Amino acid sequence: MTTRHGGASAAPFNGLNLRDGLGDDPQAVAANLVLLQQAIGVKPVWLNQVHGQRVLRLTHRDGQHGKAAEPADASITTEFGVACAVQVADCLPVLFCAPHGIAVGAAHAGWRGLAAGVLEATVKALCDAARCEPRQLQAWLGPCIGPRQFEVGADVAQAFGGLGIDASTAHPARFVPHRPQKWLADLPGLARDRLAVAGVSRVSGGEWCTVESLSRFFSFRRDRVTGRMAALIWRDRPGH
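The model shown is predicted, which means the values in this text are computed figures rather than measured ones.

Asks: Sorry, what's going on with the environment of Lys-43 here?
Replies: Looking at where Lys-43 falls in the secondary structure, it is placed in strand 1 (residues 43-48). On the basis of relative accessibility, which here comes to 33%, the residue Lys-43 falls in the partly exposed class. Separated by 182 residues in the primary sequence, Lys-43 and Val-225 have C-alpha atoms spaced 27 Å apart. Once you skip the residues sitting within four places of it in the chain, Lys-43 turns out to touch Gln-37, Gly-63, Gln-64, His-65, Gly-66 and Ala-83. Side-chain polar atoms of Lys-43 contact the backbone oxygen of Gln-64, separated by 3.3 Å.

Printed below as a string of structure tokens:
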């Protein structure tokens, strides 16, 4: 998982902004991407993220191009040297690993994608590829907007089954009343709930708030004009 530390970008994108087209100097973004690739030793495959549930299975051909040809919010691979990657600046990145590292995956889980089932779709795709059960997977939740900062309206609460104040329709701890017709939502908690229902119990992370850590993380909710970080996972060849 990258942070905003390092890189060549100037404010408000300082410093390791990894997405072009946001107003940052394209040459600075290109330099940042080179730094990232040098650090991890493989070429990331970037997705055209659309807040959906589509999962792509990546191959070396995708790795050569460096960008997936079709829109998706998650990717998996069983091949060595292909980095599954998602970009975030408040949405939740989730990294997955199958037993013995025989398959890996990354998912971009904002509230829309989470409600649409992107994590469940990633779990299914990874289990199909690795021929394993969900309980055998490991999942890691990266930094995202935290439960003290994620104010939402009724539309978000309803997307998860209710207004969060009725235990029969939604987990009451995930939506805390904040102001009239506004709630504070626990995005990592909602992800843990969805993963548990999908059969994934080995879950770690989810403790860092992008909004509350200005020096470490980009946050769209906090700054509006800002850069993007990346969460990445790949298979290394034995001995590397």
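Having put the structure on the table, let's press on.
Asks: Would you explain the pattern of salt bridges in this entry?
Replies: Two side chains carrying opposite charge are able to pair once their charged atoms lie near each other. A complete count under the given rule lists eight salt bridges for this structure. Across the pair Lys-124 and Asp-128 runs a salt bridge, and its minimum N-O distance is 2.8 Å. Residue Lys-124 and its partner Asp-128 are located together in helix 4 (residues 118-130), separated by four residues, close to a single helical turn. Residue classification places Asp-128 among the partly exposed positions, given a relative accessible area of 48%. Across the pair Glu-151 and Arg-179 runs a salt bridge, and its minimum N-O distance is 2.7 Å. Here Glu-151 is found in strand 9 (residues 151-152), whereas its partner Arg-179 is found in strand 10 (residues 175-179), with 28 residues between them in sequence. A network of salt bridges, in which partner residues are shared, links Arg-174, Asp-186 and Asp-193.

Asks: Can you help me understand the nonpolar core in this one?
Replies: Counting residues in each nonpolar core, the largest one holds 41 residues, and the members touching the most others are Phe-96, Leu-119, Phe-175 and Leu-195. A per-element tally of this core places helix 4 first, with seven residues. Filtering out sequence-adjacent residues up to four positions away, Leu-195 remains in contact with Phe-96, Leu-119, Val-123, Ala-139, Leu-141, Val-200 and Val-203. Formed by 14 residues, the second largest nonpolar core is a distinct cluster that contains Leu-47, Ala-68, Ala-72 and Leu-95.

Asks: Just checking my understanding: could you explain unusual backbone geometry for this structure?
Replies: Trans peptide bonds make up most of the peptide bonds, and negative phi angles are found at most residues other than glycine. Omega for the peptide link from Ala-11 to Pro-12 comes to 5 degrees, which places this bond in the cis form. Here Pro-12 lies in the segment before helix 1 (26-40). Here the bond from Asn-14 into Gly-15 is cis, since omega is -5 degrees, no more than 30 degrees from zero. Summarising the element assignment, Gly-15 is placed in the segment before helix 1. With a phi close to 60 degrees, His-100 is a non-glycine residue in the positive phi region. For His-100, the location among the structural elements is in the loop between strand 6 (92-97) and strand 7 (104-109).

Asks: Looking at this model, I keep getting lost on the side chain of Arg-235. Mind explaining?
Replies: Within the secondary structure, Arg-235 is located in the segment after strand 13 (229-233). Buried and without a salt bridge, Arg-235 has Glu-79 as its closest oppositely charged side chain, separated by 8.6 Å. Within the structure, Arg-235 has its side chain in polar contact with the backbone oxygen of Thr-78 (distance 2.5 Å). Polar contacts involving the side chain of Arg-235 include one to the main-chain carbonyl oxygen of Gly-101, which spans 2.6 Å. Each residue touching Arg-235, except ones within four places of it in the same chain, is listed here: Thr-77, Thr-78, Glu-79, Phe-80, Gly-81, Gly-101, Ile-102, Ala-103 and Val-104.

Asks: Is there a simple way to think about the confidence of the model for the protein chain in this case?
Replies: Low-confidence regions, as indicated by low pLDDT, have predicted coordinates that should not be scrutinised in detail. Summary statistics for the protein chain give a mean pLDDT of 93 and a share of 94% for residues scoring 70 or more. Taken as a whole, residues 164-170 scores under 50 in pLDDT and shows 13 contacts with residues more than four places along the chain or in a different chain.

Asks: Just to check I follow, could you spell out helix 1 for this structure?
Replies: An α-helix turns once every 3.6 residues. As a result, residues three or four positions apart point the same way. The end-to-end C-alpha distance of helix 1, which contains 15 residues, comes to 21 Å, matching closely the 21 Å that a straight helix rising 1.5 Å per residue would cover. By the burial criterion, the buried members of helix 1 are Ala-28, Val-29, Asn-32, Leu-36 and Ile-40. One side of helix 1 holds all its buried residues, which, seen down the axis, span an arc of 100 degrees. Structural note: helix 1 exposes Gln-27 and Gln-38 on the side pointing more than 90 degrees away from its buried face. In the core, the buried residues of helix 1 are packed alongside strand 1, strand 5 (82-88) and strand 13. The distance from a side-chain oxygen at the start of helix 1 to the backbone nitrogen of Gln-27 is 3.0 Å, and the residue carrying that oxygen is Asp-25. Looking one or two places after helix 1, you find Gly-41, whose phi comes out positive at around 85 degrees.

Scoring rules and cut-offs
Numbering of residues begins from 1 in every chain and follows the order in which that chain's sequence is written. Totals for whole chains, interfaces and linings use all residues, but because this is a predicted model, local features are given only for residues with pLDDT of at least 70 and pairs of side-chain atoms are given and counted only at 80 or more. Water and hydrogen atoms play no part in the side-chain values, which are based on all heavy atoms of the structure. Elements are defined by DSSP. Helices are runs of H or I of four residues or more, strands are runs of E of two residues or more, and each kind is numbered from the N terminus. Only protein chains enter the area calculation, which uses a 1.4 Å probe; residues under 20% of their type maximum are buried, those over 50% are exposed, and those in between are partly exposed. Any two residues whose heavy atoms approach within 4.5 Å at even a single point are treated as in contact. Polar contact criterion, stated in full: a pair of N or O atoms within 3.5 Å, where within protein one must be able to donate a hydrogen and the other to accept it, and residues adjacent in sequence count only if both atoms are side-chain atoms. We define a salt bridge as a side-chain nitrogen of Lys or Arg found within 4 Å of a carboxyl oxygen belonging to Asp or Glu. Only buried residues count toward a nonpolar core, which is a set of Ala, Val, Leu, Ile, Met, Phe, Trp, Tyr and Cys residues joined through side-chain atoms within 4.5 Å. Charge assignment: positive for Lys and Arg, negative for Asp and Glu; neither His nor the chain ends contribute. The score called pLDDT rates the predictor's confidence residue by residue, from a low of 0 to a high of 100. Here the expected span of a helix is defined as 1.5 Å times the quantity of residues minus one. Arc, as used here, means the arc of the directions from the helix axis to the C-beta atoms.

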